[in-house]
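# Coordinate inspection notes
Residues per chain are reported as follows:
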Amino acid sequence: MLLLLSLASAASADAGDLPAIDDTPRQIGLHTPEWFQLSFLDFREDLERAVDRGKMGLAIYFGMDHCPYCEVMINNNLAQPDIRQYFSDHFDVIALDVQGSREVITLDGERMTERQFAVERRLNFTPAFSFFDADGEEIHRIRGYYPPYRFRAALEFVIDRHDREGSFREYLARADPPPKFDTDDINYQEFFQSPPHMLDRSRIPAQRPLIVFFERQACHACDVLHSEPLSDDGVRDRISLFDAVQLDLDAKTPVITPQGDRTTAREWGEALGIHWAPSLVFFDENGNEIIRIDSVVALNRLRNVMDFVLTRGYEEFPTFERWRAAEAN
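Residues numbered from 1 in each chain as written. Predicted model: local features only at pLDDT ≥ 70, side-chain atom pairs only at ≥ 80, totals over all residues. Heavy atoms only, no water.

From N to C terminus, the chain includes 12 helices and 13 strands. The globule rule puts the C-alpha radius of gyration for 329 residues at 20 Å, and the 20 Å found for the chain is close to it. Each of the three principal axes of the chain carries a C-alpha extent, and together these read 55 × 45 × 35 Å. Taking all 329 residues of the chain together, the buried fraction comes to 56%. Within the chain, contacts between residues separated by at least 24 positions form 71% of all contacts whose residues are at least 6 apart in sequence. Within the structure as shown, the chain displays about 15000 Å² of accessible surface, and the carbon and sulfur contribution to it stands at 46%. One way to put it: in the chain the 35 positive side-chain charges average out to a point 2 Å from where the 57 negative ones average out. (Helix = DSSP H or I, 4+ residues; strand = E, 2+ residues; numbered from the N terminus. Rg over C-alpha atoms; globule rule 2.2 N^0.38 Å. Buried < 20%, exposed > 50% of the residue type's maximum accessible area, 1.4 Å probe, protein only. Contact = heavy atoms within 4.5 Å. Areas by Shrake-Rupley, 256 points an atom, 1.4 Å probe, with all protein chains shown as cover. Lys, Arg positive; Asp, Glu negative; His and termini not counted. Charge placed at Lys NZ, Arg CZ, Asp CG, Glu CD.)

The next subject is the state of the cysteines. Going through the model one piece at a time under the given rule, you end up with one disulfide. Between the sulfur atoms of cysteine 219 and its disulfide partner cysteine 222 the distance amounts to 2.4 Å. Taking the sign of the S-S torsion, 75° for the link of cysteine 219 and cysteine 222, the bridge is right-handed. Pair check on accessibility: cysteine 219 and cysteine 222 agree, each one buried. (Disulfide = S-S within 2.5 Å.)

Averaged over every residue, the pLDDT of the chain is 91; residues scoring 70 or more account for 92%. Low pLDDT, under 50, characterises residues 1-15; the predicted model gives this stretch 24 contacts beyond four residues in sequence or across chains. Scored below 50 in pLDDT, residues 176-183 makes 19 contacts in the model with residues more than four places away or belonging to other chains. (pLDDT = per-residue confidence, 0-100.)

Relative to the helices and strands, lysine 55 is located in the loop between helix H2 (43-52) and strand E1 (57-63). Judged by its relative accessible area of 15%, lysine 55 is buried. Side chain to side chain, lysine 55 and aspartate 92 meet in a polar contact 3.0 Å long. Those residues in contact with lysine 55 that sit more than four places away from it in its chain are Ala50, Ser88, Asp89, His90, Phe91 and Asp92. (Polar contact = N/O pair within 3.5 Å; in protein donor to acceptor, adjacent residues only side chain to side chain.)

Right under this line is the structure:
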């Protein structure tokens, strides 16, 4: 499709397509575009109505109060005429509050609150979308904020049913060449451990949790991560409490994973389904994945995720957002 063929050139021509996000805590409120559909939150009825209206399915949007990433999604991505038209032509979209207490009826007929439904979907980050086809089968799920060029690609992946051909990562890999930006070298920080990357902690637990930074050369979003959040003293102090490793998603660098498997950086990224650079994957002392950030992240979200891991908040709360809500009260 046209979008796939032009994805790389569009991204490299417009590094400004990655908007600056101020994610300092502030009053924002929960709002949605006027073209979203009103709903009594019976998803079976919503899907039936969407199909009757000639749509290919139903999209569920997950947002929350005072979420700066939701604000950018609504005011930047979804306000762009081509995105709005493309999205609304193919899906009815209904909105949920991930902290909400309204009852929903799922496509399987189960009754639960918005909050419980978000936990069931393992939605650690807002904004998020779940896309369902006319038969009620989930096509794809987006967690966190993508800039417009990546969000358009996700929409095309869903609407043209490229999920039937492979993963979103594989779909993006067919863009030739992949998106490239200004800097040719991969960024480096002194806190990254040097190879060999022997990360096995399945037999003998490690002393500290692990962060694996999956990055790419000539990656504008990676440059932003290093020049902004990773330059913050508070972030660097937290990283000092982790083992931190940087891997190039396109490299054949040998790696022994936290589960003890021998592989390469490229193959491990493929196995994990990593499609966004930079992605940060957090593991506990026994090699179990705790959480990953595979969308745009700014200073406060990064600090909070690190605190979620360091304080072992994941042992008490089913998602990061539930932990954040408890911490705010």
